[in-house]
Amino acid sequence: MRSVRARTTMGAVLVVGLALAAGSIVLLAFLRHGYVESVRNPALTRAGDIATSLEQGIPPTQLQLEEGGDRFTQVVEGDRVVAASTNARAVGSLVSTVGVGVATPVADVDDQWVVVTAPAGPTRTVVVGRELDPPFESVATAVTVLSVGAPLLLIIVGLTTWRVAGAALSPVERIRFEVSSLRAGDLARRVPVPPSGDEIEELATTMNRMLDRLEAAQRRQRQFVSDASHELRSPLTTIRHHAEVAYAHPGRTTPEALAEVVLAEQSRLEGLVEDLLLLARADEGGLALRATTLDLDDLAFDEARRAAALGVDVDTSGLAAVRIIGDVALLQRAVRNLVDNAVRHAAGTIRIVTRDEGGKARLAVHDDGPGIPANQRSTMFDRFVRLDDARSTDAGGAGLGLAIVAEIVAAHGGDVTIGDSPLGGAVVTLRLPVTEARADLTERR
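Throughout, a residue's number is its position along its own chain's written sequence, starting from 1. Two thresholds apply to this predicted model, a pLDDT of at least 70 for residue-level local features and 80 or more for giving and counting side-chain atom pairs, whereas whole-chain, interface and lining totals are computed over all residues. The basis for the side-chain values is all heavy atoms of the structure; hydrogens and waters are excluded.

(A) Spotlight on the side chain of Asp297. Mapped onto the secondary structure, Asp297 falls in helix α5 (residues 296–309). Burial classes follow relative accessibility: with a 1.4 Å probe on protein chains only, a residue under 20% of its type's maximum area counts as buried, one over 50% as exposed, and anything between as partly exposed. Charge counting treats Lys and Arg as positive and Asp and Glu as negative, with His and both chain ends excluded. The salt bridge definition used is simple: a Lys or Arg side-chain nitrogen within 4 Å of an Asp or Glu carboxyl oxygen. It turns out Asp297 is buried and unbridged, and the closest side chain with the opposite charge, Arg323, is 7.3 Å from it. Whether two residues are in contact is decided by their heavy atoms: any pair within 4.5 Å suffices. The contacts of Asp297, once residues within four sequence positions are left out, are Leu319, Ala320, Ala321, Val322 and Thr354. Counting from the N terminus, the helices are DSSP H or I runs at least four residues long and the strands are E runs at least two residues long.

Quick look at the structure:
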């Protein structure tokens, strides 16, 4: 595969070569036409003068006819030559040779002539010929100049283009070398940005922005792996600790107590793994949606009854009928996460509100807890984020609930925000399209 530099040079040489060829053809044609006209015009003038003299009554035999190796003159009456220059007397009528670049019997058959005629009365015709310098000396000179100058010009164009293209592409080569030498653990490096103000500078800037995103994604991935490892290790450690105690000191526990601990930690571990798998699917290519028509207020009411069974005062007076198109299982999980989050932080009361707001379905979950500081709200949808990192995971969860909500809502084409609740705590609000076409959701599968 030829380099861009070589292709650019070849293209420039080809274009200039074609332009030179076309220009040369036009130039030679113009020179030839000009030379022919410079020969034919005097011949026409001479023929017209002789015809005028004959029409004035001067006998053909008294005419002063030009002679020479490069010209001839004839006065023809019918098919008979009545007067002619010495070199055109014995060749018969030359009326039939009229034209440009023609051969005549006056001289060598290889000579080319311009032959013209002029009428001199009803029966007489004046024939005048002028020889063309073989092979048109001015044209031959131009051909010689072009045959030498054109290749030299093409060489100059090729060398200049090669050097200019090389200089223009050298920053690209430096960028390519820098990128090719990058390793997974070396994403802090950046490609050089030439201060050229052109597309190459934009390319380098774009590459550095891409590296910024890759570096940030790598940091998030490492943090995610670290946090996930920690969260997975915690229930496993608890199970192992109780198992070791039961093995070393059988009298300190009972099989029922051990089974209760193991089942609780297993349930916690299973939920964490499911959360991680859902987030992994979202990262890989988006969540697969099984779109159907559903009532968002029904999902909210089901979760309200579940929260009420836990002893929390749940206000459902704000529930209004809202029908949307979405994935029932995923949206149920999102609503459950919001309610669980509110229950976890509420002092004793939560409120669930659903509304249809002009093409958008709004679901808001309020709590009367301590709220979320404004400077921390932007990070609450990140993974493994908790308001209080020092509290236990039993009380605060793994910090994936709101991250999962954000992914599910985004997959449905909506958005989620955090604000202050009139109850005194926080309100988490998600908005989903009410009339989103089924085909749009199908495309996300």
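(B) Quick look at the sheet that holds strand β10 (residues 360–367). Strand order in the open sheet formed by 5 strands is β7-β9-β10-β12-β11, with mixed pairing between adjacent strands. At either margin of the open sheet sits one strand with a lone partner, and together these are β7 (313–318) and β11 (415–420). Averaged over all pairs of adjacent strands, the angle between their axes in this sheet comes to 20°, without regard to strand direction. Pairing between two strands requires that DSSP report at least two bridges joining them. Pairing of β7 with strand β9 (residues 349–356) involves 4 bridges; the strand directions are parallel. Axis lines are fitted through C-alpha atoms, for helices just across the contact stretch, and the angle between N-to-C directions can take any value from 0 to 180 degrees.

(C) Spatial organisation of the pairing of β10. Across the 8 residues of β10, 7 count as buried, placing the element largely inside the fold. Sheet analysis places β9 next to β10, joined by 7 bridges and oriented antiparallel. When the sheet's bridge partners are listed, Asp356 is paired in β10 with Ala361. Two successive antiparallel strands, β9 and β10, enclose a turn made up of 3 residues, where Gly358 displays a positive phi of approximately 60°. Bridge count for β10 against strand β12 (residues 426–433) is 7 bridges, and the pairing is antiparallel. Across the sheet, His366 pairs through a bridge with Val427, a residue of β12.

(D) Seen up close, the nonpolar core. What we call a nonpolar core is a set of buried Ala, Val, Leu, Ile, Met, Phe, Trp, Tyr and Cys residues that are connected through their side-chain atoms within 4.5 Å. Judged by nonpolar contacts, the single largest core of 49 residues is most densely connected at Leu287, Leu296, Ile324, Leu338, Ile350, Leu363 and Leu430. Those elements that place two or more of their residues in this core are α4 (255–285), α5, α6 (328–345), β9, β10, α8 (401–411), β11 and β12. Sorting elements by how many residues they give to this core places α6 first, with 7 residues. Leave out the neighbours within four places in its chain, and Ile350 touches Ala307, Val312, Asp313, Val314, Asp315, Val339, Ala342, Val343, His366, Asp367 and Leu423.

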